[in-house]
Every structure is written in structure tokens, then in C-alpha cells.
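Analysis of the macromolecular model
So the chains spell out like this:
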Amino acid sequence: MTDKPNSPEARDIAYHLHPYTNAKKHLEAGPLIIDRGEGVHVYDNNGKQYIEAMAGLWSVALGFNEKRLVKAATEQMEKLPYYHTFTHKSHGPVIELSEKLIGMAPVPMSKAFFTNSGSEAIDTALKLIWYRSNALGKPEKKKIIVRNRAYHGVTIAGACLTSLPANHKSFDLIVPNVLRMTAPHHWREAMPGESEEEFATRLAKELEDTILAEGPETIAAFFGEPVQGAGGVVVPPATYWEKVQAVLNKYDILLVADEVICGFGRTGTMFGSTTYDIKPDIMVMSKQLSSSYLPASALMINDRVFEPIMEESGRIGTLGHGYTASGHPVVAAVALENLKIIEERDLVGNAARMGERLRNGLAALADHPLVGEVRGVGLIAAVELVTDKANKTALETPGALGALVNAHLQEAGLISRAMADAVAFCPPLIITEGEVDDLLARFKTGLDKALAELPREALPA
Ligand SMILES: Cc1ncc(COP(=O)(O)O)c(C=O)c1O
């Protein structure tokens, strides 16, 4: 903290309530103020450079100074800075973006709907699913299945579908009938000697048993991130998605792919659904849709979802849902330019190539005393930190080791994210070989410093 009462740090403490921050600790610790960005780097207000190895919040695909996005925004601002899409109104950018997204979809999709955040898109998906069930004359078909460690946002419905304790504690949850399955994390959840395929078979059986116990006619949808992100970068075991989809199809349950992190190249193909051969009925997208230069999110629905909704809205007289900024023209123009650049520069291919280099580099640290598991796919990875490899445990206080390592990484000029005792890496898709190597070197430095700080008795003899 600073002793200058009028510094930006002091004013931040005085006036700003931060999301996802310990508000009490912030009074002492104060903010890290980021001043500017360039490529995969950001610089704080003291001029210190960091590799932004989380692409902000898993989102800045193009890095931090893409001039073409600035130009796209400026041009659209000058032509039509705002218009809405309620009551049959439309405009060029939203029409073009809708067509573009439907054209990119890995499975036949019917319509795109626009929102402003991942959470709002998840809320919208849930509301459309309930609306559909009512439209089909199946008012009992409302229950939703999610997995442990799922992250689907923080609006009331989003938080209810999320399975992380911090999003539930002291917030009253109001969405009833959310059923939670085991997280598909082989390293943590598999039984001794259980192969990935056997584990996936067991999870599919857990899903089917739950559906039968609840009554298949009461289950509306299964929400899943192709790779769980905020829950710790949980990469599904081999055959998992194939087996889960077989169960969902058997009982006529909709599948919502939450592509908020995975979408637009993160897993080394355009969508997580492509990587895992997922055939969703609804796809939820945000983050890399606009590289987060402006808030953008969307969902795509197939005809199975659209047709009954269309009929029901005809009966009622409207689809009574939408946001003032749904399909905002400046956001749509930036998203279109962003997608164009991702395709032109083959950033999806780059994510696959750089991801492999990153994962190989992390895997080379497997013998480090603090490294328990290295996991990832495409350009998203996590290192599970342990102090006791044999028992897969870390320090006594959950999350303490993750926080310690994360602080040393920041000191070493590497912005990562600690999720319990794992640290995540999800750099911009534009990252180069040299920058991946630099990221790995800074990671090793931070890891060694954290190790040096641990008391001897924290590690096994
Ligand atoms: C998979 C997933 N879904 C939904 C969300 C919520 O998005 P937002 O923070 O834009 O509301 C996130 C955010 O990280 C996410 O990772």
C-alpha cells in the first residue's frame, strides 16, 4: 500500500469495490494498476512488464494493442453508434455477425441471440430452455444437470449453475433442481487403477442413474464446458463426451456447450465442441468473440430449440427477453473484425502449435517438488501444485500453495491465475515461440522462489 493518500492506489481503495477480490484484504494490499498493453504483455503504472498469461480473463485472443479492432469500433461509432434489436429492428453489423456465427458453428445451428456477458448468455440459455419446455406442453421438464467444478457465471441463474463454493457462500441460491455430477478430472477423481475410459464409463453411468432416479421427463438440459476453465482447467478423460452424449440422446435431454472460454480457438480447433466432437443444441460464447475489447456474448440455438420458442412467442405475442445492448452495432463490428483476424492469421493453428510447446515445457517440470499434475489442451493449461506428490496434497490450508506460487509468478513478471492449488495458463492466441519460452522461464523462477520460501517441514522428508 502507498502512503500517498491521493495516489491512484489510495483512490482505488477508497472508491472501488472489486469483483472477485477479498474486500477486507484489499484495504491493506491495494490494487495492481495496469496502465497499458502491447501484444501478450501488459505494463503496470510503475512500468513493470508482465506476460499476461491469462489473456486477461481467458479472453484477449489478439493481444493488447490490435489497431484493427480500434478502427472497426471507430468507424462503426461514426456511422451508427447504437441501435437496438427489439421489436423487429436490425442493422448491418448484427445481421453480418449472426450469419458469420451460424456459418462457423460446428453443427447445424438455426439462430444467434446476443447478450453482453457470459453470465447473461447462460441466463438466457436457461430461460429459453424453460420457455421451450412450456411451449412443448412439458412444464415438468425443468431440471438442469451440471458438473462439480463447473463455472457458468455469476448472475443469479449463472451462479446457481456454477458449482464453485465461493459463488454460493452467503448468496442465496434460488434456482431449484440443479443436479451436480462428478467433475471429469481423472487425476483427482478416478479410482486406483481406473483408466480414463473406465472413469468416463463410470461418470456416464452416474449421469444415467441420476436421470432415471429423477425421472427423465423432468430433466431439461445438461450444461457443460467442453474443458472446465475456472474450476481448474479440467480436461475431460478420453471418451467422456461421447459417453455423456449417448446418455443425453437416449433421454431427450438438451446439451448446452458453454464455449465461453473454449470458443474461437482456445482448444486448438475453432470450438471446444469441435475438439471433443460435441453436438450441442445450444452454444454459449463470449470472451474471444470480441477479444474482450468490448463486452460481447451470444448464444446459438438449433431448430430443436428455435421451433417451439418461435411457436410459443407467436402464441404469447412476443419473446419477452432481451437486453438494451443485445447485438450492439459497435460490439458486433468489433467481434466481426476480431473473428476475421483470427481466421486470416490462423490463430487457431497457432494456438495448437504454441499450446503443444507450452504443455511440453510445463511437462518438463514434472519432477519439480511442487508439480503434481500438468494438464491442458490447445493453448489452455494448468499445473496442479502439491507439497506431497504421493498423496496429491498441498499445504494444510486449501489454496495457500496456489496463492503463494501465484504471488511469486507475479513478482517474476508473469500473470497467471491460482484456482485453489492449481495455476492456470491461457495466454493470447497470438503468442510466439519466444514468448512461450519466456513464460516458461518466468514460471520456473517463480516456482523455485516459492519452494525456497516453504518451511522444510511442509515437504515430505
Ligand atoms: C465457461 C464460462 N461460462 C460463463 C462465464 C461467465 O462469463 P462473464 O464473466 O462474462 O459473465 C465464464 C467466465 O469466466 C466462463 O468461464
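So, a few notes on the structure that sits alongside this text. (Residues numbered from 1 in each chain as written. Predicted model: local features only at pLDDT ≥ 70, side-chain atom pairs only at ≥ 80, totals over all residues. Heavy atoms only, no water.)

So, the pairing of strand 9 (residues 282-285)
The cut-off we apply is this: Using a 1.4 Å probe on the protein chains alone, a residue whose accessible area is under 20% of its type maximum counts as buried, one over 50% counts as exposed, and one in between counts as partly exposed. Under the scheme used here, helices are H or I runs from DSSP no shorter than 4 residues and strands are E runs no shorter than 2 residues, and both carry numbers assigned from the N terminus. Two strands qualify as a pair provided DSSP detects at least 2 bridges between them.
What you see with strand 9 is no split at all: Ile282 and Val284 on one side and Met283 and Met285 on the other are buried throughout. Alignment of strand 8 (residues 254-258) against strand 9, held across 3 bridges, turns out to be parallel. What sits directly across from Val256, in strand 9, is Ile282. As paired elements, strand 9 and strand 10 (residues 297-301) share 4 bridges and run antiparallel to each other. Bridge assignment links Met285 to a residue of strand 10, and that residue is Ala298.

Comments concerning the site of the ligand
This is how it is decided: The cutoff for a nearby residue is simple: one of its non-hydrogen atoms must lie within 4 Å of the molecule or strand. Counting of polar contacts relies on pairs of N or O atoms within 3.5 Å, with two restrictions inside protein: one atom must be capable of donating a hydrogen and the other of accepting it, and residues adjacent in sequence are counted only when both atoms are side-chain atoms. A 1.4 Å probe and the Shrake-Rupley method give the accessible areas. Residues count as covered only by the protein chains that appear here. When residue character is reported, Ala, Val, Leu, Ile, Met, Phe, Trp, Tyr, Cys and Pro are called nonpolar, Asp, Glu, Lys and Arg charged, and the others, Gly included, polar.
Residues in close proximity to the ligand include Ser117, Gly118, Ser119, Tyr151, His152, Gly153, Glu225, Asp258, Val260, Ile261 and Lys287, which together make up its full environment. At a separation of 2.5 Å, an oxygen atom of the ligand approaches a polar side-chain atom of Ser119. Coverage of the ligand by the protein amounts to 84% of the 390 Å² it exposes when considered alone. Of the residues that constitute the shell around the ligand, the class distribution is 3 nonpolar, 5 polar and 3 charged.

Observations regarding the nonpolar core
Going by this rule: The nonpolar core is taken to be a set of buried Ala, Val, Leu, Ile, Met, Phe, Trp, Tyr and Cys residues, with the residues joined through side-chain atoms within 4.5 Å. The contact criterion used is simple: two residues touch if any of their non-hydrogen atoms lie within 4.5 Å.
Core analysis: the biggest nonpolar cluster contains 64 residues, and Leu101, Phe264, Leu358, Leu370, Val405, Phe425 and Phe443 have the highest contact counts within it. Broken down by element, this core gets its largest block of residues, 9 residues, from helix 13 (residues 329-344). The contacts of Leu358, once residues within four sequence positions are left out, are Leu379, Ala381, Phe425, Pro427, Val436, Leu439 and Leu440. Leu203, Leu255, Cys262 and Ile380 belong to the second largest nonpolar core, which has 36 residues in total.

Some thoughts on the packing of aromatic side chains
Short version of the rule: Only the six-membered ring of Trp is used, alongside the rings of Phe and Tyr, when aromatic pairs are assigned; centres must lie within 6.5 Å, and planes under 30 degrees apart are stacked while those over 60 apart are edge-to-face, with the rest tilted. Should the NZ of a Lys or the CZ of an Arg lie within 6 Å of a ring centre and within 35 degrees of the ring normal, that charge is described as sitting over the ring.
Across all of its chains, the model carries 6 aromatic pairs by this definition. Ring centres of Tyr82 and Tyr83 lie 6.5 Å apart, and the angle between their planes is 40°; on these two criteria the pair is classed as tilted. When its relative accessible area of 34% is taken as the criterion, Tyr83 is described as partly exposed. A network of ring pairs unites the aromatic residues Phe222, Tyr240 and Trp241 as a single cluster. The ring centre of Tyr43 lies 4.0 Å from the NZ or CZ of Arg36, which sits over that ring. Positioned over the ring face of Phe306 is Lys111, at 4.3 Å from the centre of the ring.

Points about the sheet that holds strand 2 (residues 41-44)
Strand order in the open sheet formed by 4 strands is 1-2-3-13, and the pairing between neighbours is mixed. Two strands in the sheet have a free side with no partner beyond their single neighbour: strand 1 (34-38) and strand 13 (414-415). Relative to strand 2, strand 1 is paired through 4 bridges, and the arrangement is antiparallel. Bridging across to strand 2, Ile34 finds its partner in Asp44.

Topic: the packing of helix 6 (residues 118-135) against helix 12 (residues 303-316)
Just so we agree on the cut-off: Axis definition: a line fitted to C-alpha atoms, over the contacting stretch in the case of helices. Angles run 0 to 180 degrees between N-to-C directions. An angle below 35 degrees is read as roughly parallel, one above 145 as roughly antiparallel, one from 65 to 115 as roughly perpendicular, and any other as oblique.
Axis separation between helix 6 and helix 12 bottoms out at 9 Å; the angle between their running directions is 70°. Here helix 12 runs roughly perpendicular to helix 6, going by the angle between their axes. On helix 12, the residues touching Leu128, Tyr131, Arg132 and Ala135 of helix 6 are Arg304, Val305, Pro308, Ile309, Glu312, Ser313 and Ile316. For the contact of helix 6 with helix 12, the class distribution of residues is 7 nonpolar, 1 polar and 3 charged.

Quick word on helix 1 (residues 8-15)
To be explicit about the condition: To be clear, the arc concerns the directions from the helix axis to the C-beta atoms.
Within helix 1, burial applies to Glu9, Ala10, Asp12 and Ile13. All buried residues of helix 1 project into a common sector of 160° when viewed along the axis, lining one side. In this structure, helix 1 carries Ala14 and Tyr15 as exposed residues pointing more than 90 degrees from its buried face. At its buried positions, helix 1 is contacted by helix 2 (23-29).

So, helix 14 (residues 347-363)
The condition that has to hold: Each helix should span, by expectation, one fewer than its residue count multiplied by 1.5 Å.
Over its 17 residues, helix 14 extends 23 Å from the first C-alpha to the last, a length consistent with the 24 Å expected when each residue adds 1.5 Å. Listed as buried for helix 14 are Leu347, Val348, Gly349, Asn350, Ala351, Met354, Gly355, Leu358 and Leu362. Next to the buried residues of helix 14 lie helix 13, strand 11 (371-377), strand 12 (380-385), strand 15 (422-425) and helix 16 (433-453).

Some remarks on the sheet that holds strand 10
Sheet architecture is open: 7 strands sit in the order 4-10-9-8-7-5-6, paired in mixed fashion. Looking along the sheet, the strands with just one partner apiece sit at the ends: strand 4 (111-115) and strand 6 (178-181). When the angles between neighbouring strand axes are averaged without regard to direction, this sheet yields 20°. Pairing of strand 5 (residues 143-147) with strand 7 (residues 219-224) involves 3 bridges; the strand directions are parallel. What sits directly across from Lys143, in strand 7, is Ile219. Along the sheet, helix 5 (residues 92-104) makes contact with strand 4, strand 9 and strand 10, crossing strand 4 at roughly 125°. Most of the contacts of helix 9 (residues 196-214) go to strand 6, to which it runs at about 155°, and overall it touches strand 5, strand 6 and strand 7.

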